[in-house]
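Here is how the chains run, residue by residue.
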Amino acid sequence: MKFLIINGPNLNLLGIREPDIYGAETLEDIKIWLDAQPESNGHDITWFQSNHEGDLVDQIQSARNLFDGIIINPAALTHYSISIRDAISAIKTPTIEVHLSDINSRENFRKISVIQDVCIDQISGLGKQGYLEALKTLLHYI
Ligand code: DQA
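Here the structure is a predicted model, which is why all the values come from computation and not from measurement.

Peer 1: Explain the site of the ligand to me, please; I cannot follow it from the model alone.
Peer 2: Near the ligand, the surroundings consist of Arg17, Tyr22, Asn73, Ala75, Ala76, His79, His99, Leu100, Ser101, Ile103 and Arg110. Here an oxygen atom of the ligand sits 2.7 Å away from a polar atom, N or O, in the side chain of His79. One of the side-chain nitrogen or oxygen atoms of His99 is found 2.8 Å away from an oxygen atom of the ligand. Considered on its own, the ligand offers 320 Å² of accessible surface; in the complex 99% of this is hidden by protein. A per-class count over the shell around the ligand returns 5 nonpolar, 4 polar and 2 charged.

Structure below.
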């Protein structure tokens, strides 16, 4: 199956960005780690990262009919991007929301996710393991 993993603003800085919150690994380290997990075997997994909301919307739209599922960490856009929510809702591709940190135990503004109810699940606070849990959930769901 084909999966798309989308990461939003500032996740390109993983490894140097607040490592006490987000860990010491880069996005590339997480990608290599996920590729090496048995659950990834035989699947085609594409990663995309952008700091720009419109690029993320374009990527979600172009995933329609091309991918079996999407894993998305919209980063800060989680909390206010109605355009990302609408794109996920429009394409109907099963989508899981992932956050490295536990957004429910941080600042109040992070407790709000405007995409949560258009996703089939939200996984938060498991670090890189969250991406694997999301993949397992999608494989089970599909
Ligand atoms: C994040 C949580 C967001 O609140 C934050 O803006 C991020 C990363 C996470 O993975 O924990 O950039 O999505």
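Peer 1: For this particular structure, what's the right way to read the sheet that holds strand E3 (residues 69–73)?
Peer 2: What holds strands together in a sheet is hydrogen bonding between their backbones, with the strands either parallel or antiparallel. The strand order across the open sheet formed by 5 strands is E2-E1-E3-E4-E5, and the pairing between neighbours is parallel. Here the strands that pair on one side only, and so sit at the sheet edges, are strand E2 (44–49) and strand E5 (121–124). Adjacent strand axes in the sheet meet at a mean angle of 20 degrees, parallel and antiparallel pairs treated alike. Bridge analysis of strand E4 (residues 95–99) against E5 gives 4 bridges, and the strand direction is parallel. By the bridge assignment, Glu97 is partnered in E5 with Gln122. Strand contacts of helix H3 (residues 53–62): strand E1 (2–7), E2 and E3, with the helix running at about 170 degrees to E1, the strand carrying the most contacts.

Peer 1: Could you clarify how one ought to interpret the side chain of Asn7 in this entry?
Peer 2: For Asn7, the location among the structural elements is in strand E1. Relative accessible area serves as the criterion here: at 0%, Asn7 is assigned to the buried category. A distance of 2.6 Å separates polar atoms of two side chains, one belonging to Asn7 and the other to Tyr131. Setting aside anything within four residues of it in sequence, one finds Asn7 in contact with Leu27, Trp47, Phe48, Gln49, Ser50, Leu56, Asn73 and Tyr131.

Procedures and definitions
Residues numbered from 1 in each chain as written. Predicted model: local features only at pLDDT ≥ 70, side-chain atom pairs only at ≥ 80, totals over all residues. Heavy atoms only, no water. Near = heavy atom within 4 Å. Polar contact = N/O pair within 3.5 Å; in protein donor to acceptor, adjacent residues only side chain to side chain. Areas by Shrake-Rupley, 256 points an atom, 1.4 Å probe, with all protein chains shown as cover. Nonpolar A, V, L, I, M, F, W, Y, C, P; charged D, E, K, R; others polar. Pairing = 2+ DSSP bridges. Helix = DSSP H or I, 4+ residues; strand = E, 2+ residues; numbered from the N terminus. Axes fitted to C-alpha atoms, helices over the stretch in contact; angles between N-to-C directions. Contact = heavy atoms within 4.5 Å. Buried < 20%, exposed > 50% of the residue type's maximum accessible area, 1.4 Å probe, protein only.

The values are spatial; any link to function lies outside them.
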